[in-house]
Amino acid sequence: METKQVNAFGTGAADKPLQSVQIRRRMVGAHDVEMEILYCGICHSDLHQIKNDFGGTTYPIVPGHEIVGRVTAVGDHVKDFKVGELAAVGCIVDSCGHCEYCKDGIEQFCDEGCTYSFNSPDKVLGGVTYGGFSKTYVCNERYVLHMPDFKDLAAAAPLLCAGITVYSPLKHWGTGPGKRVGILGIGGLGHLAIKIAKAMGAHVVVFTTSASKVEDAKRLGADEAVLSTDASQMAKYARSLHFIIDTVSAKHDVNPYLNLLRHDGAVVLVGLPPQPLEVSAFSVVLGNRSFAGSNIGGIAETQEMLDFCAKHTIVAEIEKIDMDYVNTAFERLEKGDVHYRFVIDMASLKN
Ligand code: NAP
Ligand code: ZN
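These numbers were taken from a predicted model, which means no experiment stands behind them.

As for the coordination of the zinc ion (ligand 2)
Protein-derived ligands of the zinc ion (ligand 2) are Cys43 (SG), His65 (NE2) and Cys161 (SG), with the metal-ligand distances lying across 2.0 to 2.2 Å. All donors of the zinc ion (ligand 2) belong to a single chain; written as a sequence motif, their spacing is C-x21-H-x95-C. Of the two residues, histidine 65 sits in the loop between helix H1 (44-50) and strand E4 (67-74) while cysteine 161 sits in the loop between helix H3 (153-156) and helix H4 (162-172), which places them 96 residues apart along the sequence. Among the residues examined, histidine 65 registers a relative accessible area of 3% and is labelled buried. Taking relative accessible area as the criterion, cysteine 161 reaches 5% and is therefore assigned buried.

What follows is the structure in structure tokens.
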């Protein structure tokens, strides 16, 4: 298959800094879209994968899955995208297309396993996929999103993973007027969950381990913010919430949060702590509570989320950085020192 060489940023080992690397991208096939990447967000999943937290990383790895760009080429059969228009790619870039899940538009559950935008077996080129820390991206048009009109395009990039990952469970669990929703952890996912849950009409209570974020949570739109390390503050919320979205990236005790649920409530885990979490029988049995999970969202729902966020003028709060800052950005992300998403200006990646 014809390919071309493209500049990217990646690393050959968990303990080595990211640096300039060359990757190969396929030339557009009949159904493919090629885009020049303008902005790429940095998600905690990029960090987990670089560090091989889940044990499945193939090196060299080029991370990045919150990708916004401008279309530079389309295949002969592409009807929905034109050269020159804005477009985006999130977490999913391929799937079988014919199983019941793909037919239902929930490609993240594809029977054959969907292809993620980086560090995932590449069914077309072989090897693994390389993500958005690169000059271009190429994939089938089925997995490309239309970018609505956002005033700040860079700040919209984090919607492609962080946005859909919280939008999907917020919708699934019935966020709306009359619902009291908890958000656990104010990072990239958590701060967007506050904005989206508010736009859906819920009463939003935020739980943070960072004293400095308590006031900021209200600026972001939360109705109430609780310092989760303060037991007396936590006690006031016992049995008060319909469900909680848990975005915490590291091992933590979920039982205190299960105890904040009303009967039939759920703690919905979207964070990916590498170690198992322990659930006490009494935390779920008393009150018929659930401990659930949620994995990103399908392509159709991702488009729906982008349109919802554009309508409600929701974007991420970002720190825009150049590529030469990316290793420092990962160090800061690991320490929780980010307000609230890093986005790389891809013009800073040299040709
Ligand atoms: P992030 O920006 O680093 O935010 C995570 C937040 O969790 C931190 O800001 C912090 O909030 C809290 N936290 C971190 N360590 C903690 C600890 N030891 N105890 C308690 N709280 C802690 O990360 P992100 O990009 O939002 O991603 C969050 C998680 O979701 C990651 O594990 C990521 O891999 C995962 N993820 C999952 C999906 C999915 O489909 N399910 C998709 C994308 C990402 P406070 O300072 O407010 O306490
Ligand atoms: Zn992500």
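As for the site of ligand 1
Ligand 1 sits among 27 residues. The nearest are Thr208, Thr209, Ser210, Lys213 and Arg341. Contact between ligand 1 and isoleucine 186: an oxygen atom at 2.8 Å from a main-chain N or O atom of the residue. Here lysine 213 contributes a side-chain N or O atom positioned 2.7 Å from an oxygen atom of ligand 1. Relative to its free-state accessible area of 920 Å², ligand 1 is covered by the protein chains to the extent of 88%. Secondary structure elements with two or more residues in the shell around ligand 1: H1 and helix H5 (188-199). Residue composition of the shell around ligand 1, by class: 10 nonpolar, 15 polar and two charged.

Structural notes on the pairing of strand E11 (residues 203-208)
As a general feature of sheets, a regular strand has side chains that alternate between the two faces. Counting buried positions along E11 gives five out of six residues, so the element sits mostly inside the fold. Relative to E11, strand E10 (residues 180-184) runs parallel, the two sharing five bridges. For glycine 182, the partnering residue across the bridge sits in E11 and is valine 205. On the question of chirality, the crossover connecting E10 to the parallel E11 by way of H5 is right-handed. As defined by bridge partners, E11 adjoins strand E12 (residues 224-227) across four bridges and the pair is classed as parallel.

Reading guide: rules and limits
Position labels on residues start from 1 in each chain and follow its written sequence. The naming scheme follows written order: chains are lettered A onward, ligands numbered 1 onward. Only residues with pLDDT of at least 70 are given local features in this predicted model, and only at 80 or more are side-chain atom pairs given and counted; all residues enter the totals for whole chains, interfaces and linings. To get the side-chain values, take all heavy atoms of the structure and skip hydrogens and water. Keep in mind that water is not among the atoms, so a site may look incomplete; donors are the N, O and S atoms within 2.8 Å of the metal, or 3.2 Å for Na, K and Ca. Helix and strand labels come from DSSP, where a helix needs a run of H or I of at least four residues and a strand needs a run of E of at least two; each type is numbered from the N terminus. Any residue under 20% of the maximum accessible area for its type is buried, any over 50% is exposed, and the rest in between are partly exposed; the area is computed with a 1.4 Å probe on protein chains only. In these notes, residues near a molecule or strand are those with any non-hydrogen atom within 4 Å of it. Polar contact is defined as a pair of N or O atoms within 3.5 Å, subject to the rule that within protein one atom must be able to donate a hydrogen and the other to accept it, and that residues adjacent in sequence are counted only when both atoms are side-chain atoms. The protein chains shown are the only cover counted for residues, whose accessible areas, like all others here, come from Shrake-Rupley with a 1.4 Å probe. Amino acid classes used here: Ala, Val, Leu, Ile, Met, Phe, Trp, Tyr, Cys and Pro are nonpolar; Asp, Glu, Lys and Arg are charged; the rest, including Gly, are polar. Two strands pair if DSSP finds at least two bridges between them. Place the viewer so that the strands point away; then a crossover is right-handed whenever the path from the first strand over the helix to the second strand goes clockwise.

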